Structure formats: C-alpha cells, structure tokens
Number of protein chains: 2
Amino acid sequence: MAISQPSEVRPELSWSGWGDPGQASAPPDAILELLRSGLGVTRATPGPVSISGLELTPIRLDPATSEALAAIVGEANARSDQEARARHALGKSTLDLLALRAGAAIGAPDLVLAPASHAQIIQVLELCSRQRVAVVPFGGGTSVVGGLAPQSEGFASVVALDLRRMNGLLELDRESRLAVLGPGLLGPQAEALLAERGYTIGHFPQSFEYATLGGFAAARSSGQASAGYGRFDELVVGLKVATPAGSLILGRAPKSAAGPDLRQLILGSEGTLGVITELTVRVVPVPERRVYEGWRLPDFDHGVATLRRLVQDGPVPTVLRLSDEAETALGLARPGELGQSEGGGCLAIVGYEGTAQDVATRREAAADVLNAAGASPVDGAGEDWARDRYRAPYLRDALLDAGALVETLETVTFWSSLRGLYDAVGAALREQLTGQGTPPLILCHVSHVYPAGASLYFTIACAQLADPIAQWRAAKAAAGDAIMAAGGSITHHHGVGRDHREWLPAEVGELGIAVLRAVKQTLDPVGILNPGILIPAKSGAAAR
Amino acid sequence: MAISQPSEVRPELSWSGWGDPGQASAPPDAILELLRSGLGVTRATPGPVSISGLELTPIRLDPATSEALAAIVGEANARSDQEARARHALGKSTLDLLALRAGAAIGAPDLVLAPASHAQIIQVLELCSRQRVAVVPFGGGTSVVGGLAPQSEGFASVVALDLRRMNGLLELDRESRLAVLGPGLLGPQAEALLAERGYTIGHFPQSFEYATLGGFAAARSSGQASAGYGRFDELVVGLKVATPAGSLILGRAPKSAAGPDLRQLILGSEGTLGVITELTVRVVPVPERRVYEGWRLPDFDHGVATLRRLVQDGPVPTVLRLSDEAETALGLARPGELGQSEGGGCLAIVGYEGTAQDVATRREAAADVLNAAGASPVDGAGEDWARDRYRAPYLRDALLDAGALVETLETVTFWSSLRGLYDAVGAALREQLTGQGTPPLILCHVSHVYPAGASLYFTIACAQLADPIAQWRAAKAAAGDAIMAAGGSITHHHGVGRDHREWLPAEVGELGIAVLRAVKQTLDPVGILNPGILIPAKSGAAAR
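Residues numbered from 1 in each chain as written. Chains lettered and ligands numbered in written order. Predicted model: local features only at pLDDT ≥ 70, side-chain atom pairs only at ≥ 80, totals over all residues.

**What about the overall build of chain A?**
For the record, the criterion: Helix and strand definitions follow DSSP, with helices as H or I runs of at least four residues and strands as E runs of at least two, each counted in order from the N terminus. It is over C-alpha atoms that the radius of gyration is taken, and the globule rule equals 2.2 Å times the number of residues to the power 0.38. Burial is judged by counting other C-beta atoms within 10 Å of a residue's own C-beta: 20 or more means buried, 12 or fewer means exposed, and anything between counts as partly exposed, with every C-beta placed from the backbone. Contact definition: two residues whose C-beta atoms, as placed from backbone geometry, lie within 7 Å.
Within chain A, the secondary structure is distributed over 18 helices and 18 strands. The C-alpha atoms of chain A give 23 Å as radius of gyration, which agrees with the globular expectation for 544 residues (24 Å, within 12%). Seen through its principal axes, chain A has C-alpha atoms that stretch 70 × 60 × 45 Å. Burial statistics for chain A: of 544 residues in total, 61% are counted as buried. A separation of at least 24 residues holds for 76% of the contacts in chain A among residues at least 6 apart in sequence.

In structure tokens form, the structure reads like this:
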C-alpha cells in the first residue's frame, strides 16, 4: 500500500507536440528573421491534423484476448479508442512529430492497458506471451529515440502498458535516505510527494515535467543537476521488475560484491527486458538554498578546460553547463532572451543547491576558479536559465510549424577526445545538410560532466525540405557515424530506442549484442517486450 | 606496448599463509593469554607441511594438450612442477589454510600458464574449450571465498592462467585522468608506476600488497579509502575481456545511455565469464597530504550515527571506519597495540587525503561533527592504523598455529537495517560456535560507508575443534543464513567464490541466476571458465 499518491489530476502531454498546449508560444521575431535570412526557411508547413483525424493502423487484436487483458486490469483501465491509441503511438522526437504532420498511417497500439500492480503486469505478460502480443511499457511518452514504436511484424498485436496508476510513494526510509516509488509517477509528482516530507531526488532532466521515474530508469536519464545529485542510474538502489519469466527483485544493499550487478542490466533496458514496477531511489533533504549563476568564458576550449578543472579538483557545482559560441550568440541557454544575446564568448551556467553554508562555500571557491580562468559573471543568466529550463521543446514545435527542421542529439566521451568529437559531429552535420541544400545552424553545449569526461548536446536547425523525415535521417546517420568514428558513445542520456539501435554493435561489439540477446531470451522468451527497440535484429538487415 | 612495467622482482606470497614469511610474527602474550583463559584454546596445532611434501591431485592433462598450451605462451611460461601447482591451488581463506594444514590431497591445477597478451589468452581459451579443460584466471591468489578452486569433475583437466606477465602501464591520459593497466599488476606495482608520473588509483584493500588489479575488478574489491576514492568497481571505466566466444571491449565513455551497462556484468564475474586483459581505471593526483586520526565514540550506535551523518551530509573523509566495543577493547584497529587497548567506547579511524587545503577544510568540519557527537581524539590511533593496516592477515596465521580458529566475514545493508544485521550475525555465530563447545570472541567494524548504508566486517576467534573445517563451515552457514534473514548482502567486498555461492539465489533470485547462466552460456559455451565458482549448480544440490 502506498503511503501517499498524487492528489491532483495528472497533466496530459500534448498529443502532437510538447507539454501543455496552453504554454506554446510563437518564436521571437529575431528567430523568425534568422530562419528566413540565415537558413532560407520560407514555407510554413501545416501543423498536425486533429487527433480524431489521424490515420492509425487498423486494430488487429482479437476480441477474446482483448477482453481477457481488460479483465486483468479492469475494464475502465483498458482503452482502444482513437485518442488513447494515438496518444500511445509515438514519442516526442522530431521524426515522431513530423510523422504526425505527414498524416500517413501511424502504427498505434491496439489496446492501452493501465495496470495497478506488479501482479497484474505479470498476468498481462503471461497472457501476451501465450498470444504473441507485443507489449510496450509506457511511462510519460517522452522518448526522443523512437523507443515507443516497436516492430509489430511477427506479432498478433501490440498493446501499450501505461504505468500511470502505479504512482505511489510506497516507503520512505529517512535513516537510509531512500524512497520506494511507483514507476508511473511523473517527475513533479514524485518531487511533490517527497517535498511534503522534506526530501528531493534531485533529478531534473529537460523532460522532467512529463516523464516518469520508470522511464528515467529504463532509459538511463541524466538530469540538469547531475553534477551534484548524480545520474538517475546512480540514484537507483533497488528495482522490482516484472518479466514474462517471472519477477526480479534486485538491490539488497547500496553496493555489494555478490557477483555482477544485475540492476545495471535493467537500467537502460528500455522496456525490452522487463517492466520496472517499483524503484528504490536515493533522496536527500530539500536544499535550503538554490543559486544559479551565468559566467562568460572567453571561448569554448577555455570553458571546457574550466569545467574539467571544477569537476576533477572541485568544488563541484550542482549544475554545470557550457554553451559553445554559436549557442551563446543565439541565447539558447536563455530562451526568454532568444536571439538577443550580446557579449560573445561562451556562457556557462553554474548552479549550487544545498545548505546555505555549503552553497556559500562551494560558490566562493568556484568563483575563484572561474575568475582565474578569465570568466566574468553575466547578470541574470543563471536565473533566466532556471526559469526557462524546461521550455526548449515548446520552441521546437513552433519552429517546425514555421518550416524549420529542428532536432537535438547528444553524445559523451572522455575529456581528451571531447574537442575532436565536437568538431567531427559538427562537420558531419554541416556537410550532410549543406549537401542537401539546407545549410544548418548548429549549436552545442556541454550538458553533463564527470571526472573522466563530458557529454555534448547539439541542437540543429535548418530549412525543411519536401521530405523532412528523409532529410533528418540522413543527417542523423552522418552524425551517428561521426560519433562512433571519433570515439564517442552513441547516446549519453536519450537512450537507444530504434533510432540508435544500429550503432549499438559498434558500441558494445557483436559479442555484447549476443549477451543482450541471451538475457532477453531468458527474461522474455517469446520476445514480446518492446520488440525491435534497443537490440538490433539478428540479420543486421534492419534499416536505419 | 606498455609505457612501463615494474622493474623489481614481484614479491611472492607465502604458499601456506599470508604475505612475506619474513614478516610473520608471534602474537602478543596478552592475546595468547586471552586465547587460553578466554576461549579455552589449549592445543597448538601443527603448521603446514613443506610445499614439496604437499599431496596434490594427480595430473590428468594429456601431454599433447599440455604441449599445445605451452606452445601458445612459450615453454618457459608453462609450469607443472609441484611448487607451481601448489601455489595456484588455493586462496587465503581460513578454510584454505586449514586444508593445507590437514595435509589431505589438494586439488591443484595440472598446468600453470603465464600468458603475455590478450591474443594468447584467446588462443588458450579456444584450445581449452575444444579439449574441455577448465581454466582458472589467477591474479594474486588472495581469494578468501574459495574463488580459485573450481569444480574439476566433468573436465579433462584444470589449468591456471597466471596473469603476472600482463603487468604494464599501457596508457596514461592525464587530461581524462585515466590509466590503462594490465590485470596482473599487484597493487603496489600499479601504484609505483603511477606515482612516478604523479598519480594514484587510491585503492587500498587489506590484500593490497599481494592482490592484482584484475582481481580487484573481477571480485568487486573495496579499499580502505573507499569513502574518498570509491570502490574499485566505481573506478573502472573500461574493460578488455577475453572469452571463449571472443573479445569484449567495453567502456566508450565515462557514462552512457547506450543500453544496459555490460561492464557491470564483468565486474564481479570472478573469472567465470571472461579473463580481464586490460583495465581503464580512474586516477587522481597523488595527494599532497595524508592524515589519519583516531576518535573515540561513546558506543557503537552513536558511532554508527556519526559515520552516517558524515557520509550523508559531509564532509566525507577519505577513510572512515568504526570498531565496535569488542574490537576496540581488543585493539584490533591498532594491531601494534593488540590486547592493550584502554578507554572503552568505540574507536573510529577517520582519514583525509588530498591537497593540504582540502584536507584542512574537511578535517576541521568533520572535527566539529565528531565533537558534537561526543567523540574525543585518541592520540596516535590513526597513525597506528595506517602503519599496520595490512598486517592483520599475518596475525591470523600465528593464531591458527596457536590452536585458535580465526576468520573474517563481511556483509552490507542499508543504514536502517544495520543494527539488526549486526545483532543477528553476532547472535548466529555465537549460538552456533557455543553450541559446538567453542564460545567465540566476535569483533566487528563498519568498514565502508555509503549515503544509503554501510558494510560490517566481523572477525571471529575461538578454539579449534578436532575438525576445524567442519566447525567453521557450520558457523559460516549460520552467519550466512542470518545475513540473508536480516536483509544483508552475502558479501560486500570478498566476493562469492564457492563459499558464498549457495546464497546467491537468495541474493538475486532464481531468475537472476538464470540470467547469469544465460550470459555464461553465451560467453563460455563449454563452461570452462572457473566452473563451480559464483554461479550455483543447476540442481541446487551442491553442498555448502
């Protein structure tokens, strides 16, 4: 039984774009002018049709199985209407948003189930295994790597398992600073339940408002304050997992030498190995004080060296982010001032959360490091960033409507390879898109830092061609190949999904893939869980 | 090619006890008196016979295979003489030492190979898979959980793969603070190679002087300074692994969202999934200053609360260890003063390593916390601990000779369960050994701390019965069952080996075991790698 559950109605993510439709806004004139004059964006493109007008794949699930599944979760929690199906069809990548705009037949689940318990999920997985029905575990629906659109061929049907009802705060161990939480809690719901009791997880990715704890774990999410609180996979101490082969309960202790750490197989498994039904997560007291500062560094290389200096020798800020010259010039770290940035150089956001004394101590020591590196404070930039930190996805929707192709991609490598990776990815994108006749604007920031390396987060904008899906696929393929050639990882925190799947053999080797397949075969013998996601097909013939 | 390799001759671990035989010493009189009067130890037991007098299992390996294996590594690096076989037969658990004393036939490898490269190991594994020859990857030989004595039934032979020649510093990336190192480097060898260049790994387990980097990784070692530097599994960023199915090269970045973290399958695999042939490990600059202090806390509960306070809210010392009342009274944290402790309460060792400023800052802040908790400084205790930190295993040898049964065991749990676990393990050991007629002395310390929990390290001493092996097995079984019942993990840093294997299903569930078996089947289809270690037999019928 849950100690507590959210009392307010769960906010619904826009079916065709990001977040709360009421918060969408037109891009600043300066940006529209830049699109026209700088990128040659001329034709506004039609927005998505209405949700009722969407063409979805026909329902294939036979009525008997449908009824049996509905009986497990309760009829009120099994839906196959157009809206439920459409809302569980795709994630929020630009490819997904373009598909909705294109109006072509969208592959949608035939049935959306909202189970209330681990036991119900076990039953659903047993039945679906018997009937060869593919199952998509569904958290917030914010995947940007095609993680929610499984391969349906070879299966009798596809059903979505929406975990929204599994949203309890199940236990709070104040002594050990651990909370046991349901996987369907949205970021703000979990934080609210914990804040009432004085705690926070400290995990604030850009998708925070609409993504779930289960999704954070399944996709190895990393939050904007990861320098201080850690990545989500570092915060998960225990997992309860429902699989077609039974239950896994992992994490008897914070750390152990009892063999391989099987938690690390479930983290990052993206719904292909099991359904996370409970998470035990580290929590800390709500910080007494939160301060975010902006600092201007002379250039990207100096900025990178300064971030490295801070994370390797301390003091380590809670938030540490560095925009390159292009991103700084456009003001992307301050969406409220987009297109109005002045001053040149590279903007770093440096944040501190903790007790008043801890914040003061780290802030002072870090200021010494920043000043010594030639940085100068930028008034208001930290506050701007904090205020608008979750707004960037809204801007993408508006820019897509304006005829621009806009998407992000991210990677990570060791410090000694960071500049090479940055150059290689930028060059590959520029060459590919310019070759297609749409010279791009490429912005980048260092989004997460570690003692051994850091991640790079690219934002790309250019004019849409007639087939923007093919246009982006070509650019993405070039970027992915460049990432692997330059020694990066294909993804730092977006996950693999379908969009990064074909690079996974280069990432972990064919033998690594064989290990993943063996684990999947053990936990999911029929292969019903999110088929086609994460693990490449054996033939290697699947298209990118 | 290596940048550098150790120039001095590698020190040889005593074949029948710990470390350098020249450093062995008799226990203090106070301890001998305690054994006699307190524990009823009366009969001194015979020490081990000579190495040439040991009875080893007969060699089964056919000459043709033996020659083919020798040809891969070079004849000079393939030995089947009595000494080589005996030195690779067992680890350093009390059960191992008692077996050597009992003089019964010792299961020993038929051949000891010392390969020089990943490629040679791949060849050895291919040949051994074809010939059904079991292979024991061998680092320093310091296992205390039976990790070096595989099941030989069902195999044509057993060979040991001694990794001592793979001892290079292969790369040093100063910018990323990473070193690529050979698995056969002893702790001090690796530290010396790095110290010449200004770096340290900071991993100092009690076995440091004689254990290898490959072993640290394969068994998820944790060092005495883990609070500051991290556990070894947290320091490993990259792994190159030779398996019968081919090579695995893992770790393209410090952290990644590219699926499950397969490094975490190799870490803790104890030679059953592959042979680690290269490690990429985080390094930091050699600390400018090292300070170790002793603090006396009023009692164990106050001590535990204070450690928790430090690791959860900071400042986090580099070393943090707390003896319980019994261990404090006996002076086990200060082996040089064994049996002479005064003052009562519980002794904490609190150490700091870093820049002079960092040490001063943390030390001052931690002193405030300790003083507020009612702790008082104990002059010299920190220095004593640091000087004698690797000496405890020598003492065990001497006490075994004196007729005592002495062994250690360890576990880990969350803070809220720590006191219950402590009580349960102590009670189980006391009941079991007292029931056998040998009331024990049970000492304990908190050896490693995390924000969510801590480890407990028990030292047990009692009089030896006529069959001390059966005596300890019964006590160990009682302790293991108590650990699982009280919610602990069966091992915090010793690993699983054979001795903890039968508790692994309780640790990760039968489905977790099935996952491990599937991974092993993929990487080691014939099952030649360390058979019987880590993963319990399918029947579940294997004796403890």
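**Here we look at the sheet that holds strand S10 (residues 275-282) of chain B**
Residues and elements named next belong to chain B. Selection rule: Two strands form a pair only when DSSP identifies at least two bridges running between them. In this analysis, axes come from line fits to C-alpha atoms, helices being fitted only over the stretch in contact, and the angle between any two N-to-C directions falls in the range 0 to 180 degrees.
With antiparallel pairing, the five strands of this open sheet are ordered in space as S5-S6-S10-S8-S9. The open sheet is flanked by strand S5 (169-173) and strand S9 (246-250), the only strands paired with a single partner. The mean inter-strand angle of the sheet, taken between neighbouring strand axes irrespective of direction, is 10 degrees. Where strand S6 (residues 178-181) meets S10, four bridges bridge the pair, whose relative direction is antiparallel. By the bridge assignment for S10, leucine 181 is matched with leucine 279.

**So, helix H4 (residues 94-102) of chain A**
Residue and element names in this part refer to chain A. Most of H4 is tucked away: seven of the nine residues are buried. Inspection of H4 places Thr94, Leu95, Asp96, Leu97, Leu98, Leu100 and Arg101 among the buried residues, and these make up the whole buried set. For H4, the secondary structure elements touched by its buried residues are helix H15 (392-401), strand S16 (404-414) and helix H17 (468-485). After H4 finishes, the residue glycine 103 shows a positive phi value of roughly 75 degrees.

**Points about the pairing of strand S18 (residues 453-463) of chain B**
Residue and element names in this part refer to chain B. Most of S18 sits out of view: 11 of its 11 residues are buried. Bridge count between strand S16 (residues 404-414) and S18: 11 bridges; the pairing is antiparallel. The partner of glutamate 410 across the bridge, within S18, is tyrosine 457. Pairing geometry for strand S17 (residues 441-449) and S18, over seven bridges, is antiparallel. Within the sheet, the bridge partner assigned to isoleucine 442 lies in S18 and is isoleucine 460. Two successive antiparallel strands, S17 and S18, enclose a turn made up of three residues.

**Focus on the domain arrangement of chain A**
Residue and element names in this part refer to chain A. Selection rule: Start and end positions for the domains come from either an automated domain assignment or a database one.
Taken domain by domain, chain A comprises domain 1 (49-162), domain 2 (169-285) and domain 3 (289-388). Between domain 1 and domain 2, the C-alpha centre-to-centre distance is 24 Å. Counting residues at the interface gives 13 residues for domain 1, matched by 19 residues for domain 2. Broken down by secondary-structure element, the contributors of at least two residues to the side of domain 1 that touches domain 2 are helix H5 (118-131) and strand S3 (133-138). At six residues, H5 tops the list of elements feeding residues into the side of domain 1 that touches domain 2.

**Examining the sheet that holds strand S4 (residues 157-162) of chain A**
All names here are of chain A. Spatial ordering of the open sheet is given by S1-S2-S4-S3, a layout of four strands whose pairing is mixed. Only two strands of the sheet have a single neighbouring strand rather than two, namely strand S1 (78-79) and S3. For S1 and strand S2 (residues 111-113), the ladder comprises two bridges, and the chain directions are antiparallel. By the bridge assignment for S2, alanine 78 is matched with leucine 113. Strands S1, S2, S3 and S4 of the sheet are contacted by helix H2 (residues 63-73), whose axis makes an angle of about 15 degrees with S2.

**A word on unusual backbone geometry**
Negative phi is the rule for most residues except glycine; trans is the rule for most peptide bonds. All names here are of chain A. Here glycine 314 and proline 315 are connected by a cis peptide whose omega angle stands at 0 degrees. By secondary structure assignment, the location of proline 315 is in the loop between helix H11 (300-313) and strand S13 (319-323). In this model, glutamate 270 sits at a positive phi of 50 degrees, which is unusual for a non-glycine residue. Take glutamate 270: it is sitting in the loop between helix H10 (263-266) and strand S10 (275-282). Overall, the presence of 28 C-beta atoms within 10 Å leaves glutamate 270 in the buried class.

**Some details on the relation of the copies chain A and chain B**
To keep it simple, the criterion reads: Alignment of the copies relies on least squares applied to C-alpha atoms, considering only residues that score at least 70 for pLDDT in both.
The two copies are related by a screw operation: chain A maps onto chain B through 180 degrees of rotation and 0.0 Å of translation along the axis, at an RMSD of 0.0 Å. Taken together, the rotation and translation describe the operation of a two-fold axis. Among all C-alpha atoms of chain A, that of alanine 518 of chain A lies closest to the rotation axis, at 2.8 Å. Most of the interface of chain A is mirrored in chain B: 100% of its interface residues are interface residues there too.

**Let's talk about helix H13 (residues 356-372) of chain B**
Helical geometry note: an α-helix holds 3.6 residues per turn, so side chains three or four residues apart project in the same direction. All names here are of chain B. Note the cut-off: The span one expects for a helix is its residue count, reduced by one, times 1.5 Å. Working definition: the arc comes from the directions between the helix axis and the C-beta atoms, pointing outward to the latter.
The first and last C-alpha atoms of H13 sit 24 Å apart over 17 residues, in line with the 24 Å expected at 1.5 Å per residue. Among the residues of H13, those classed as buried are Val359, Arg362, Ala366 and Leu370. Down the axis of H13, the smallest arc covering the buried residues is 80 degrees, so these residues share one side. In H13, the exposed residues that point more than 90 degrees away from the buried face are Gln357, Glu364, Asp368, Asn371 and Ala372. Packed against the buried residues of H13 are strand S12 (289-297), helix H11 (300-313) and strand S14 (346-354). In the stretch just after H13, glycine 374 is the one whose phi turns positive, near 85 degrees.

**Considerations on the confidence of the model for chain A**
All names here are of chain A. We count it as follows: Note: pLDDT gives the predictor's confidence per residue, expressed from 0 to 100.
On average, residues of chain A carry a pLDDT of 95, and 98% of them reach 70 or more. For the stretch residues 540-544, pLDDT sits under 50, and the model shows six contacts to residues farther than four places along the chain or on other chains. Of the two predicted TM-score estimates for the complex, the pTM is 0.97 and the ipTM is 0.96.

**Here we look at the pairing of strand S17 (residues 441-449) of chain A**
Residues and elements named next belong to chain A. Here S17 lies mainly inside the structure; eight of its nine residues are buried. For S13 and S17, the ladder comprises two bridges, and the chain directions are antiparallel. Bridged to serine 323 within S17 is histidine 445.

**Things to note about the environment of alanine 99 of chain A**
Residue and element names in this part refer to chain A. In this structure, alanine 99 sits in helix H4. Classification of alanine 99 by C-beta neighbours within 10 Å gives partly exposed; the count is 19. Those residues in contact with alanine 99 that lie beyond four places of it in its chain are Leu90, Ala104 and Ile106.

**Notes on the interface of chain A and chain B**
It is common to report an interface's size as the accessible area lost on association of the parts. Note the following rule: Residues are grouped as follows: nonpolar covers Ala, Val, Leu, Ile, Met, Phe, Trp, Tyr, Cys and Pro; charged covers Asp, Glu, Lys and Arg; every other residue, Gly included, is treated as polar.
Taken residue by residue, the interface counts 67 residues in chain A and 67 residues in chain B. Tallied by class, residues from the side of chain A that touches chain B come to 33 nonpolar, 24 polar and 10 charged.

**Some remarks on the packing of H4 of chain A against H17 of chain A**
Residue and element names in this part refer to chain A. Our working rule: In these notes the angle categories are as follows: under 35 degrees is roughly parallel, over 145 is roughly antiparallel, 65 to 115 is roughly perpendicular, and the rest is oblique. Working rule for handedness: look at the near helix, and if it is turned counterclockwise from the far one by less than a right angle, call the crossing left-handed; if clockwise, right-handed.
In the contact formed by H4 and H17, the axes pass within 10 Å of each other and the chain directions differ by 165 degrees. Taken together, the axes of H4 and H17 lie roughly antiparallel to each other. The crossing of H4 and H17 is left-handed. Packed against H4, whose contacting residues are Thr94, Leu95 and Leu98, the element H17 presents Pro468, Ile469 and Trp472 at the interface. Across the contact of H4 with H17, the residue classes break down as five nonpolar, one polar and no charged.

**Brief notes about the environment of glutamate 175 of chain A**
As for its position among the elements, glutamate 175 of chain A is in the loop between strand S5 (169-173) and strand S6 (178-181). When the C-alpha positions of glutamate 175 of chain A and aspartate 20 of chain A are compared, they lie 38 Å apart, and in sequence the two are 155 residues distant. Not counting the four nearest positions on each side in its chain, glutamate 175 of chain A is found in contact with Trp415 and Ser416 of chain B.

**So, the environment of lysine 240 of chain B**
Residue and element names in this part refer to chain B. As for its placement among the helices and strands, lysine 240 is situated in strand S8 (residues 236-243). Lysine 240 sits in the buried class, given 21 other C-beta atoms within 10 Å. Sequence separation between lysine 240 and leucine 35 is 205 residues; the distance between their C-alpha atoms is 48 Å. Excluding residues that lie within four positions of it along the chain, lysine 240 makes contacts with His118, Ser247, Ile249, Thr277 and Glu278.

**Quick word on the packing of helix H2 (residues 63-73) of chain B against helix H5 (residues 118-131) of chain B**
A pair of packed helices can be characterised by two numbers: the angle between their axes and the separation between those axes. All names here are of chain B. Two elements in contact, H2 and H5, have axes whose closest approach is 9 Å; the angle formed by their N-to-C orientations is 170 degrees. Taken together, the axis directions place H2 and H5 in an arrangement best described as roughly antiparallel. Seen from H2, the contacting residues are Thr65, Ala68, Leu69, Ile72 and Val73; seen from H5, they are Gln120, Gln123, Val124, Leu127 and Gln131. For the contact of H2 with H5, the residue count by class is six nonpolar, four polar and no charged.

**Regarding the nonpolar core**
Applied cut-off: By convention in this section, buried Ala, Val, Leu, Ile, Met, Phe, Trp, Tyr and Cys residues joined through C-beta atoms within 7 Å make up a nonpolar core.
Counting 354 residues, the largest nonpolar core has Val135, Leu161 and Ala404 of chain A together with Val135, Leu161 and Ala404 of chain B as its most contacted members. Sequence-distant contacts of leucine 161 of chain B, that is, excluding residues within four places in its chain, are made with Leu113, Pro115, Ile121, Val124, Val135, Val136, Pro137, Phe138 and Val275 of chain B.

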